[in-house]
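Residue strings, one per chain:
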Amino acid sequence: MTKAQRYKLLDSSAELSIRQQSKLLKIPRGKYYYQLRNESPQNQYLMDLIDRQYQRTPFMAYLE
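What follows is about the packing of aromatic side chains. What the rule picks out here adds up to one aromatic pair. Judged by centre distance (5.1 Å) and plane angle (80 degrees), the ring pair of Y32 and Y33 falls under edge-to-face. The exposure class assigned to Y32 is partly exposed, which follows from its relative accessible area of 31%.

Set out below in structure tokens:
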């Protein structure tokens, strides 16, 4: 059984706690609670600017 299949077996309405279930299934419970967050529009804009600049001038770099 793959890890992904074992994560699907976790059930918050079950008699056992998520902690106990994850221990029995031998998977970390942190991934069960993790929720992906989107980047803020400002941060996304800045990352796009940096990416465009790098694509135009990949030869430029910071040298000490």
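The structure having been displayed, the exposition proceeds.
This part takes up a nonpolar patch on the surface. A contiguous nonpolar patch, built from Y45, L46 and L49 and spanning about 280 Å² of accessible area, is present on the exposed surface. Relative to the helices and strands, L49 resides in helix α4 (residues 41-56).

All right, on to unusual backbone geometry then. Of note in the backbone geometry, K26 takes a positive phi value of approximately 60 degrees without being a glycine. Judged by relative accessible area, which is 68%, K26 ranks as exposed.

Analysis parameters
- Residues numbered from 1 in each chain as written.
- Predicted model: local features only at pLDDT ≥ 70, side-chain atom pairs only at ≥ 80, totals over all residues.
- Heavy atoms only, no water.
- Phe/Tyr/Trp six-rings, centres within 6.5 Å; stacked < 30°, edge-to-face > 60°.
- Buried < 20%, exposed > 50% of the residue type's maximum accessible area, 1.4 Å probe, protein only.
- Patch = residues over 30% accessible without salt bridge, like charges linked within 9 Å, V, L, I, M, F, W, Y side chains within 5 Å.
- Areas by Shrake-Rupley, 256 points an atom, 1.4 Å probe, with all protein chains shown as cover.
- Salt bridge = Lys/Arg side-chain N within 4 Å of Asp/Glu carboxyl O.
- Helix = DSSP H or I, 4+ residues; strand = E, 2+ residues; numbered from the N terminus.

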